[in-house]
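So you can see what is in the structure, the chains are spelled out below.
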Amino acid sequence: MLVIVLENAPPRLRGRLAIWLLEVRAGVYVGNYSRRVREVIWEQVGQGIEDGNAVMVWRANTESGFEFETLGANRRVPAEIDGVRLVSFFPEATGGDL
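Presented here is a report on the structure given in the accompanying data block. On a predicted model such as this, the values are computed, not experimentally measured, just so you know.

As for the packing of aromatic side chains
(1) Moving on: Following the criterion strictly, the structure yields 1 aromatic pair and no others.
(2) Moving on: Look at Trp20 and Tyr33: their rings are 6.1 Å apart centre to centre, the planes differ by 75°, and that puts the pair in the edge-to-face class. Here Tyr33 lies in the loop between strand E3 (28-31) and helix H2 (35-48) and Trp20 lies in helix H1 (residues 11-20), a separation of 13 residues in the sequence.
(3) Moving on: In this structure Tyr33 comes out as partly exposed when scored by relative accessible area, which is 34%.

This is the structure:
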């Protein structure tokens, strides 16, 4: 199983992903491909994401049962703690704080 979620992605990238994957909600793509095809799809995302961001999640033989990668700026950042990949959050930006 493979899931890719895009935010603020250009329409041409969304159309490109729709060739390979099923768009079940706006910006949410699912499919079932081999590791090599998954890597090719992720290369396409990396080349076309521009100012947007993306996360790709796939089934893996890990403690959690999945792995993930991210691209672009987002408050959620992958963090590894004791060999387990988790997600850390940056604080929300406020207008008056410097």
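Quick notes on H2
(1) Moving on: Taking 1.5 Å as the rise per residue, H2 with 14 residues should run 20 Å; its terminal C-alpha atoms sit 20 Å apart, in good agreement.
(2) Moving on: Taken together, the buried positions of H2 are occupied by Arg38, Ile41, Trp42, Val45 and Gly48. The buried residues of H2 occupy one face: seen down the axis, they fall within an arc of 130°.
(3) Moving on: Those residues of H2 that are buried are in contact with strand E1 (2-7), H1, strand E4 (53-59) and strand E5 (66-71).
(4) Moving on: Among the residues trailing H2, Glu50 stands out with phi positive, at a value near 50°.

How each quantity is defined
- Residues numbered from 1 in each chain as written.
- Predicted model: local features only at pLDDT ≥ 70, side-chain atom pairs only at ≥ 80, totals over all residues.
- Heavy atoms only, no water.
- Phe/Tyr/Trp six-rings, centres within 6.5 Å; stacked < 30°, edge-to-face > 60°.
- Helix = DSSP H or I, 4+ residues; strand = E, 2+ residues; numbered from the N terminus.
- Buried < 20%, exposed > 50% of the residue type's maximum accessible area, 1.4 Å probe, protein only.
- Expected span 1.5 Å × (residues − 1).
- Arc of directions from axis to C-beta.
- Contact = heavy atoms within 4.5 Å.

So yeah, pure geometry; function would need other evidence.
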